[in-house]
Number of protein chains: 2
Amino acid sequence: MKTDQKVTSRGAGMERAQQRIGIIGTGAIGGFYGVMLARAGFDVHFLLRSEFAAVSEQGLHIDSDVHGALHLQPVQAYTDAAQMPPCDWLLVGAKTTSNPALAPLISRTCAAGGKVVLLQNGLGVEEALRPRLPGNLHLLGGLCFVCVNRTAPGVVRHQALGAVNLGYHSGPAQDALARQAIVESAVALFHAAGIESQAMLNLAQARWQKLVWNVPYNGLSVLLKASTTPLMADASSRALIQALMCEVVEGARACGHVLPVGYAEDLFAITEKMPDYWPSMYHDYAQGRPLELAAIYAEPLAQARQADCRLPRIEALYQSLAFIDRHNR
Amino acid sequence: MKTDQKVTSRGAGMERAQQRIGIIGTGAIGGFYGVMLARAGFDVHFLLRSEFAAVSEQGLHIDSDVHGALHLQPVQAYTDAAQMPPCDWLLVGAKTTSNPALAPLISRTCAAGGKVVLLQNGLGVEEALRPRLPGNLHLLGGLCFVCVNRTAPGVVRHQALGAVNLGYHSGPAQDALARQAIVESAVALFHAAGIESQAMLNLAQARWQKLVWNVPYNGLSVLLKASTTPLMADASSRALIQALMCEVVEGARACGHVLPVGYAEDLFAITEKMPDYWPSMYHDYAQGRPLELAAIYAEPLAQARQADCRLPRIEALYQSLAFIDRHNR
């Protein structure tokens, strides 16, 4: 039995408490990292919609197989971004499909010179958001290797992992050293919260690397209505996962990103050791929400194609998912 | 409203009545062609299993949008092949997955020097059965372009089309002329029943041609739980169907079969004009029966591969279907 750990931001060191963090999209990702950061003493503010009432009353619960049962209460919760104080950091854990709608809200909530971190998968997400943000904001991307999902309003189940790979996209930091300093400060934020994190020199490459996991598992979970354990137990789906991973590596290479040797094999082996997990795209599907197909499939396919590289299996998977998505609303 | 046409084999010309035809596997295909042949005056005998009682009592019903409502009663029906008289023709409309089990029964039921016609899709079906049959039997293949499905015991719904492409596989006819004569006599059989039919010089090529339809539509109906009309209405599934068709044409070419120019485009256009249709593989899936993956996917992929030709989209589709099939029993 896990003990419920009461989390408050009181009593934390002043330095951390002075860094104000806003969480935009308090779902599985935003909820998990937000509570972990609050637990470490940061001043965390959560923007919520449908779950505001539940979270205001009951707080945020993280049911973690790694960290135990965490309970943040009270929560600095808002339904209106205009009520939030200006934040030094904004962690965006919403779906990429809602980014355009979030841009004004991000611009309003982030302090001048603040840092916006998109904790989202896929390609082209910063490029789509950047023109809608003030030039004085730093824009970063974060790739989360974590098994979390939202099980009830204000309740997140955390099964395994947690690492965040961070990279700088664009903003006031013009030279490499200044950018690296910003990324390192983001890494330090997560480290302070007890979360593995590393700075990536090249955000585009970091995004391609994460696709090696997302392209096969997210899509196949919806196509085959299967979680990771049955997908890893069947010879046919294993071979298909490996072939899809190879195509992602090939696409990355065509776009100028040579992934580390054995990278796909390592992710495959890690998944094999993971507890049974339903990727986020399956939850979107099961709840009739739009699938994140543009960022995870369409954009990588388009970029590879522009580099004269066809990825036929990913293309077929994308076409199948697009059909399913359109019939699932 | 269609008028019920009472079908009996009485009163037909002696020549037709002397040709005895056995139907092995009285499902949609066997039932439809069997009744059409009986209606034309041939002496048709039906081997049945689970539907024997229903068919003995109520006869065979074809509810056809082309030919009206046909009713064959009484039916020369059997549950035991040993009770059937020796047949000059055996039409096998069972699933390819049951061929090995049917071999002894086919051998027993076919008259010496008779003709066995496999009305089945896919590659390698004659090759798998041939070693289990007596050498004095002619073995032919027939590819049916027909929209039929079994809606109740002894009831077949026929929505459109009907043509059968026939080719000689193996048997006592050694030279091309003798083989052609046998195939022409099979064509004449179907013509006499008012069914379009043509002799194919090369059965392997005829089988590849039919795969241009089966590979996309059978598989996608199961993968996407969709019949032909929605599959043809969506831009993504249309593009996927066309890409899969191209791969079949490519595989055929690698194996030495140059399909007629525009063949895939024609089948695509025909399907667009067809009434909404659920391919047979979907019915197999919906009823928890094994899918015909070996003949329709595994064997074509293996033959193409042996000719140094990879068909990545078909491979991905096959791997997905194999997963679904194993979880559907």
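Parameters at a glance
Residues numbered from 1 in each chain as written. Chains lettered and ligands numbered in written order. Predicted model: local features only at pLDDT ≥ 70, side-chain atom pairs only at ≥ 80, totals over all residues. Heavy atoms only, no water. Axes fitted to C-alpha atoms, helices over the stretch in contact; angles between N-to-C directions. Helix = DSSP H or I, 4+ residues; strand = E, 2+ residues; numbered from the N terminus. Left-handed = near helix turned anticlockwise from the far one by under 90°. Contact = heavy atoms within 4.5 Å. Salt bridge = Lys/Arg side-chain N within 4 Å of Asp/Glu carboxyl O. Phe/Tyr/Trp six-rings, centres within 6.5 Å; stacked < 30°, edge-to-face > 60°. Buried < 20%, exposed > 50% of the residue type's maximum accessible area, 1.4 Å probe, protein only. Pairing = 2+ DSSP bridges. Right-handed = clockwise from strand over helix to strand, strands pointing away. Buried area = accessible area lost by both parts, 1.4 Å probe.

J.: Tell me about the packing of helix α12 (residues 293-306) of chain A against helix α13 (residues 312-326) of chain A, and name the residues and values.
T.: Residues and elements named next belong to chain A. At their nearest, the axes of α12 and α13 sit 10 Å apart, and the two run at 145° to each other. Seen from above, α12 lies across α13 with left-handed handedness. Residues Leu-293, Tyr-297, Ala-298, Leu-301 and Arg-305 of α12 pack against Ile-314, Glu-315, Leu-317, Tyr-318, Leu-321, Ala-322 and Asp-325 of α13.

J.: Would you mind going over the pattern of salt bridges in detail, with residue names and values included?
T.: Counting across every chain of the model gives 28 salt bridges over all chains. Put simply, Asp63(B) and Arg157(B) hold a salt bridge, and the shortest N to O gap is 3.9 Å. Here Asp63(B), found in strand β4 (residues 60-64), pairs with Arg157(B), found in strand β10 (residues 155-170); they are 94 residues apart in sequence, far enough to count as distant. Here the salt bridges share partners, and the residues they tie into one network are Lys95(A), Asp284(A), Arg289(A) and Glu292(A).

J.: An account of the packing of aromatic side chains is needed here, citing residue identities and associated values.
T.: Residue and element names in this part refer to chain A. Counting across every chain of the model gives 14 aromatic pairs over all chains. Here the aromatic rings of Tyr-33 and Phe-190 are separated by 5.6 Å at their centres, their planes lie at 90°, and the arrangement is edge-to-face. One end of the pair, Tyr-33, is in helix α2 (residues 28-39); the other, Phe-190, is in helix α6 (residues 176-192), with 157 residues separating them in the sequence. Note on accessibility: Tyr-33 and Phe-190 belong to one class, buried.

J.: Can you lay out the pairing of strand β3 (residues 43-47) of chain A for me, pointing to particular residues and giving the numbers?
T.: Residues and elements named next belong to chain A. Among the five residues of β3, five are classified as buried, and the element is accordingly described as predominantly covered. Here strand β2 (residues 20-24) pairs with β3 via five bridges, running parallel. Its bridge partner being in β3, Arg-20 is matched across the sheet by Asp-43. Since β2 and β3 lie parallel, the crossover through α2 that links them has a hand, and here it is right-handed. Of the pairings in the sheet, the one linking β3 to strand β6 (residues 77-78) comprises two bridges and is parallel in character. Within the sheet, the bridge partner assigned to Phe-46 lies in β6 and is Ala-77.

J.: Can you explain the interface of chain A and chain B? Please cite residues and give values.
T.: In this complex, chain A contributes 22 residues to the contact, which on the side of chain B involves 23 residues. In total, chain A and chain B occlude about 1,900 Å² of area from one another, counting both sides; carbon and sulfur atoms represent 61% of this. Per-residue buried area on chain A facing chain B is highest for Arg313(A), Gln319(A) and Phe323(A); these three make up 31% of the total on that side. For the pair chain A and chain B, the interface holds four salt bridges. For Glu315(B), the salt bridge is made with Arg313(A), and the minimal N-O distance between the two is 3.1 Å.

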